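Each chain is listed here by its residues.
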Amino acid sequence: MEPSTPEEAEVVLADERDVAVGRRVILGMFGLGIGGVLVGAKVSRGVSKALAPITAADRTGLSDFLPAGGGFRIYTVTGTLPAKSEGAYRLEVSGLVERPMTLTFADLKAMPATSMTKDFQCVTGWRVEDVKWVGVRLWDLLDRAGVKPAAKAVRFTCFDGAYSESLTLEQARRDDVIVAYGMQGGGISKAHGGPVRLYVAPMYGYKSAKWLSGIELTDRVVEGYWERRGYDVDAWIGKSNGRDDEPV
Amino acid sequence: MAATTSLSRPRFDNVTRAVHWANAALFLFLVFTGLVLSFGPLSTAVGRRTLVKDLHVWSGLALPVPLLLGVVGRWGAVLRADLGRLNRWSVSDRRWLRRVFRLRRRRHQPSGKFHPGQKLNAAFVGGSIPVMLLTGSIMRWYEPFPLSWRTGATFVHDWLATALLFVIAGHIVKALVTPGALAPMLRSESHTP
């Protein structure tokens, strides 16, 4: 471009040994950015693995600022964090069951509790290690409602009004699939999907539906929210979604 | 008289300062909303995730606007000249950069309007804009893209944002501690080191 003022002319007349480093930095960053989009999924796993021992040993909380650092990230698919008090909470069990029922928070607490300390692994790469979960085994609940022989799958709905999930009946029978009402020694906060959420230990986080309000027995698997948007229905950690994380 | 006039020529003209502060406001707003979206304690304290997300996306889309408006047309001549200066690295500038990379003591002969550190800051922050726009757009309008690209875009966006956080903080600290550095960006003033 022709210099249009003395100011610009002065720059153009600068030393001929000058190099346009600025432009190279900008083009280089753009190239790296595109490369990062294409292979970042792989690199990101490596980085998380490499940082895991550091963030685990970190007592300052500074590693929370790192993208691969510890801690939960709060995802919602709707506008606001849905809120429901323990008193107002209801869980409806319906569909192909002998005894459809609506449970209160107190009903859930009155059932035999099960607790476990297991990792939470998100499909986007972050993992929170050794989370303490307390709740009711999903299968205990389904047993109480009486699953009809025609039922093949379980569909979960949420009081955010948008999210849904699914499990096959076989997956729902596992001991490490719970309807959770406690986390890290306390209740489950609004942000983490309280007062009651699902926790499907062996699968990626999107299966562990937050703000659980409905359990429906169906004759086939109905794809959940993220599964209609390209995520795997059978979301085993390390064996789905093109990822190789360590199983939980 | 002539010498006085030339000395008192402002270091940055009105257009340059307007672009700088519009850019600064957008970057700081993006840093804040970005932290609200990704940093757990802040996410839960602020909430309103969809609103924050929309604000983040729209201010992100607005990010290149001040710079583009500033460089087009006749009013952008001074800014264009400064961008030209920031782009060009003298032999001495490049020696400084090599010493930085080798973690050697940095020596630099002032050789122009900008220090190579300022040139590096400008190139890095400027270069981050298209990358953040691209990866942010993939994250926001994810439907047409394969899953691995979305993860990759998140990875690039998060790490570049983390780097930007430190670079911007460094830029602000440098501006505050270097005598005479901030004043010419605040009002029409020449550089008085």
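Refer to the structure above for everything that follows.
Predicted model only: the values in this text are computed from it and were never measured.

Conventions we followed
Residues numbered from 1 in each chain as written. Chains lettered and ligands numbered in written order. Predicted model: local features only at pLDDT ≥ 70, side-chain atom pairs only at ≥ 80, totals over all residues. Heavy atoms only, no water. Contact = heavy atoms within 4.5 Å. Buried area = accessible area lost by both parts, 1.4 Å probe. Salt bridge = Lys/Arg side-chain N within 4 Å of Asp/Glu carboxyl O. Polar contact = N/O pair within 3.5 Å; in protein donor to acceptor, adjacent residues only side chain to side chain. Helix = DSSP H or I, 4+ residues; strand = E, 2+ residues; numbered from the N terminus. Pairing = 2+ DSSP bridges. Phe/Tyr/Trp six-rings, centres within 6.5 Å; stacked < 30°, edge-to-face > 60°. Lys NZ or Arg CZ within 6 Å of the ring centre and 35° of its normal. Axes fitted to C-alpha atoms, helices over the stretch in contact; angles between N-to-C directions. Parallel < 35°, antiparallel > 145°, perpendicular 65-115°, else oblique. Nonpolar A, V, L, I, M, F, W, Y, C, P; charged D, E, K, R; others polar.

Chemist: Honestly, the interface of chain B and chain A in this entry has me stumped. Any pointers?
Modeler: Quoted interface sizes are often the accessible area lost when the parts come together. Facing the 46 residues of chain B at the interface are 52 residues of chain A. Carbon and sulfur atoms supply 67% of the area buried between chain B and chain A, which totals about 4,200 Å² over both sides. Counting across the interface, chain B meets chain A through one salt bridge. The salt bridge involving B:Arg88 is made with A:Asp18; its shortest N-O contact spans 3.5 Å. In this structure, the connection of chain B to chain A is made through six residue pairs in polar contact (both at pLDDT 80 or more). For the side of chain B that touches chain A, the secondary-structure elements that each account for two or more residues are α2 (14-38), α3 (40-46), α4 (49-62), α6 (77-87), β1 (88-89), α7 (91-101), α8 (116-140) and α9 (147-177) of chain B. Where strand β1 (residues 19-20) of chain A and β1(B) come together, two bridges link them in antiparallel fashion.

Chemist: Could you clarify how one ought to interpret the packing of aromatic side chains in this entry?
Modeler: Here a ring pair, both rings aromatic, is described through the centre-centre distance and the interplanar angle of the planes. Taken as a whole and judged by the stated rule, the model has eleven aromatic pairs over all chains. For the pair A:Phe105 and A:Tyr181, a centre-to-centre distance of 6.1 Å together with 70° between the ring planes defines the contact as edge-to-face. Of this pair, A:Phe105 sits in helix α3 (residues 105-110) while A:Tyr181 is found in strand β8 (residues 177-183), placing the two residues 76 residues apart along the sequence. An aromatic cluster is defined as three or more aromatic residues linked by ring pairs; in this entry it consists of A:Tyr163, A:Tyr206, A:Tyr225, A:Trp226, A:Tyr231 and B:Tyr142. Above the plane of the ring of A:Phe159 lies A:Lys84, whose end atom (NZ or CZ) is 4.9 Å from the centre.

Chemist: Looking at this model, I keep getting lost on the packing of α2(B) against helix α5 (residues 64-71) of chain B. Mind explaining?
Modeler: Helix-helix packing is characterised by the crossing angle of the two axes and by the distance between the axes. Residue and element names in this part refer to chain B. Across the interface, α2 lies against α5 with an axial gap of 8 Å and an inter-helix angle of 170°. Regarding the angle of α2 to α5, the classification is roughly antiparallel. Contacts between α2 and α5 involve Val15, Val19, Ala22 and Leu26 from the former and Pro66, Leu67 and Gly70 from the latter. Split into classes, the residues belonging to the contact of α2 with α5 amount to six nonpolar, one polar and no charged.

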